[in-house]
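Coordinate inspection notes
Below, each chain spelled out in residue letters.
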Amino acid sequence: MRKILAVLLLFCMLLPAGLAVAMETPDVTARAAVLLDQETGRILFSKNAHERLPMASTTKIMTAILAIESGRLDEMVTVSEYASLVEGSGVDLDAGEQKTLEELLYGLMLRSGNDAATAIAEHLAGSVEKFARQMTRRAGELGAAQTRFENPHGLEAENHYTTAYDLGIIAVYAMSLPEFREVVATPEKRISWTGRPYDRILYNQNKLLDMYKYADGIKTGWTTPAGRCFVGSSNKDGWGLVAVVLNAPQMWEDTIELMEFGYSYYHWEPLVEEGRQLKSAQVERGTADRVTLVAGNDLGLPLKENEADVLRYEFNVAEPLRAPVSAGEEVGTMEVYFGTQRIAEVPLVAASDVGRRGLFGALRNFFGRLF
């Protein structure tokens with residue numbers, strides 16, 4: 001028995017480092033959690049990621065998205081009495097007070113103002129109910145099909161829910177918006193305070209910005225039914241991750257553990273450079289029979305050790321292309337698969353112009369084939 005144990009111990013000591021740690025996964029306290037790559041949306045870790053749960057004030061991520069997408073951040077908003085009286089966390093807005101939509105956006109995301117959320121909803125949609133329907137519709141457009149909003153702030157409502165995965169998708173999109181990234185990374189912000197000789201100072205409640213050196217967002221949340229909820233983002237050497245933890249007693253520790261897991265057990269692998277020749281396609285009735293297709297943008301993926309060796313690539317081009325074809329015109333995609341799972345794609349664009357043959361050219365081509 002001692003010999004067997006000695007052999008097993010020696011075998012474990014000789015395992016490659018990557019293989020030895022590959023079995024370690026985060027042990028998070030969250031009821032549901034997910035870790036996503038920001039560039040591709042690839043799931044790097046999940047726990048009950050598709051379970052419907054309340055999400056408290058992380059709801060406000062979608063509220064912020066609609067505010068930014070409205071293109072109306074400079075507009076002046078008059079706070080209604082209803083908005084000023086909304087319970088829970090707030091910016092202490094007074095009825096009749098006027099704020100720019102941008103000021104309300106900072107109050108929404110830094111102070112988690114339920115009053116700010118309500119004022120935004122009423123200004124953009126006319127009512128909380130209409131705005132909530134817009135939120136749900138936009139979430140569906142982003143791919144968050146298991147999400148429904150009843151309000152813009154996240155206070156308890158029977159049919160107000162999401163999943164860790166859906167919320168991750170929403171957050172990944174939010175972090176693609178420069179205005180959103182700027183707001184959620186701001187440590188503090190001064191906004192006007194009507195009737196007072198001093199400004200409001202809004203301090204960011206996201207402690208991850210101080211606790212984790214790569215953190216750059218996003219939003220906290222808490223209600224009794226939802227528990228402690230958090231959506232966090234980080235960026236290390238240009239590589240962004242998003243973590244979602246729902247009903248997480250140790251939400252800060254869970255989030256850091258997820259981020260460290262992602263950066264430790266995955267690496268960013270550049271796969272295709274923009275402009276790289278990938279294939280050629282047949283052109284019908286063109287001044288050339290074929291055109292070279294190149295990658296329309298860079299493509300990379302977060303990969304574990306040796307995963308690049310098992311990737312499969314498929315081209316999706318409707319050949320023959322019909323002339324004329326313009327240089328830079330997108331004519332298809334190259335899709336990347338792990339087995340049967342499609343995980344990424346890159347657009348295929350024409351590398352050069354191909355004109356349409358005139359009658360003389362068509363006749364010359366026809367007789368050239370005959371003889």
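See the structure shown above.
A brief report on the enclosed structure follows. (Residues numbered from 1 in each chain as written. Predicted model: local features only at pLDDT ≥ 70, side-chain atom pairs only at ≥ 80, totals over all residues. Heavy atoms only, no water.)

We now examine the pattern of salt bridges. Applying the stated criterion across every chain, the model contains 14 salt bridges. Note that Glu284 and Arg322 form a salt bridge whose closest N and O atoms lie 3.1 Å from each other. Here Arg322 lies in strand S15 (residues 321–322) and Glu284 lies in strand S11 (residues 277–284), a separation of 38 residues in the sequence. Beyond isolated ion pairs, a larger network of salt bridges with shared partners links Glu69, Arg138 and Glu141. (Salt bridge = Lys/Arg side-chain N within 4 Å of Asp/Glu carboxyl O. Helix = DSSP H or I, 4+ residues; strand = E, 2+ residues; numbered from the N terminus.)

The subject of this paragraph is the sheet that holds S11. One open sheet holds the six strands; their spatial order is S14-S16-S17-S12-S11-S15, and the pairing between them is mixed. With partners counted over all chains shown, the strands left at the sheet margins are strand S14 (311–317) and S15, one partner each. Here three bridges tie strand S12 (residues 290–295) to strand S17 (residues 341–350), and the two strands are oriented antiparallel to one another. Note on S17: the bridge partner recorded for Leu293 is Ala350. (Pairing = 2+ DSSP bridges.)

Here we come to the packing of aromatic side chains. Under the defined criterion, the tally for this structure stands at nine aromatic pairs. With a centroid separation of 5.9 Å and 65 degrees between ring planes, the pair formed by Tyr214 and Tyr263 is classed as edge-to-face. Linking Tyr214 in the loop between helix H10 (208–211) and strand S7 (215–223) with Tyr263 in helix H11 (residues 251–265), this pair joins segments that are 49 residues apart in sequence. What makes Tyr263 buried here is its relative accessible area of 9%. By way of ring pairs, the aromatic residues Tyr212, Tyr214, Trp239, Tyr263 and Trp268 are connected into one cluster. Geometry around Phe315 places Lys279 over its ring, the cationic atom sitting 5.9 Å from the centre. Its guanidinium or amino end placed over the ring of Tyr337, Arg312 lies 4.7 Å from that ring's centre, counting from NZ or CZ. (Phe/Tyr/Trp six-rings, centres within 6.5 Å; stacked < 30°, edge-to-face > 60°. Buried < 20%, exposed > 50% of the residue type's maximum accessible area, 1.4 Å probe, protein only. Lys NZ or Arg CZ within 6 Å of the ring centre and 35° of its normal.)

Further remarks concern the pairing of strand S1 (residues 32–37). Of all six residues that make up S1, six are buried, and the element is covered over most of its length. Here S1 pairs with strand S9 (residues 239–246) via six bridges, running antiparallel. When the bridges of S9 are listed, Ala33 appears paired with Val245. The sheet contact formed by S1 and strand S2 (residues 43–47) spans four bridges and is antiparallel. Residue pairing for S2: Leu35 is matched across the bridge by Phe45.

Any empty space left between the atoms is revealed when a probe the size of a water molecule rolls over them. Approximately 630 Å³ is the volume attributed to the largest pocket. What lines the largest pocket is a set of 27 residues, and nearest its centre among them are Glu39, Thr40, Gly41, Arg42 and Ile343. Going through the elements one at a time, helix H8 (164–174), strand S10 (267–272), strand S13 (299–303) and S17 are the ones with two or more residues in the lining of the largest pocket. When residues in the lining of the largest pocket are grouped by element, the largest group, seven residues, is from S17. When the residues that make up the lining of the largest pocket are grouped by side-chain class, the tally is 15 nonpolar, six polar and six charged. (1 Å grid on protein atoms, 1.4 Å probe; cavity = no way out; pocket = protein on both sides within 12 Å on 5 of 7 lines; lining within 4 Å. Points joined across faces, edges and corners; volume = space filled by probe spheres on them. Nonpolar A, V, L, I, M, F, W, Y, C, P; charged D, E, K, R; others polar.)

Core analysis: the biggest nonpolar cluster contains 62 residues, and Ile61, Met62, Leu105, Met109, Phe180, Ile218 and Leu246 have the highest contact counts within it. Setting aside residues up to four positions removed in sequence, Met109 forms contacts with Lys60, Ile61, Ala64, Phe180, Val183, Val184, Ile218 and Lys219. Within the second largest apolar cluster, 26 residues are counted, among which are Val272, Leu299, Val331 and Ala350. (Core = buried A, V, L, I, M, F, W, Y, C linked by side-chain atoms within 4.5 Å. Contact = heavy atoms within 4.5 Å.)

To continue, consider the packing of helix H5 (residues 101–110) against helix H6 (residues 114–125). Axis angle and axis distance: for two packed helices, these are the angle between their axes and the distance between the axes, and together they describe the pair. Where H5 meets H6, the closest approach of the two axes is 8 Å, and the angle between their N-to-C directions is 145 degrees. The hand of the H5/H6 crossing is left-handed. From H5, Leu101, Leu104, Leu105, Gly107 and Leu108 reach across to H6, where they touch Ala116, Ala117, Ala119, Ile120 and Leu124. Residues belonging to the contact of H5 with H6 are distributed by class as follows: nine nonpolar, one polar and no charged. (Axes fitted to C-alpha atoms, helices over the stretch in contact; angles between N-to-C directions. Left-handed = near helix turned anticlockwise from the far one by under 90°.)

Within the secondary structure layout, Ala164 lies in helix H8. In this structure Ala164 comes out as buried when scored by relative accessible area, which is 0%. Taking the C-alpha atoms as reference points, Ala164 and Asn114, separated by 50 residues in sequence, lie 22 Å from one another. Leave out the neighbours within four places in its chain, and Ala164 touches Ala32, Ala33, Val34, Ala49, Val244 and Leu246.

This paragraph deals with unusual backbone geometry. Backbone torsion omega between Gly217 and Ile218 reads 15 degrees, so that peptide bond is classified as cis. In this structure, Pro324 follows Ala323 across a cis peptide bond, with omega equal to 5 degrees. You can see Pro324 is positioned in the loop between S15 and strand S16 (330–338). Non-glycine residue Asn48 carries a positive phi angle of around 50 degrees.

Within the secondary structure, Pro187 sits in the loop between helix H9 (178–184) and strand S5 (188–191). Remark: the alpha-carbon pair of Pro187 and Gly154, spanning 33 residues in sequence, is separated by 23 Å. Beyond its immediate sequence surroundings of up to four residues, Pro187 is in contact with Leu202, Tyr203 and Asn204.

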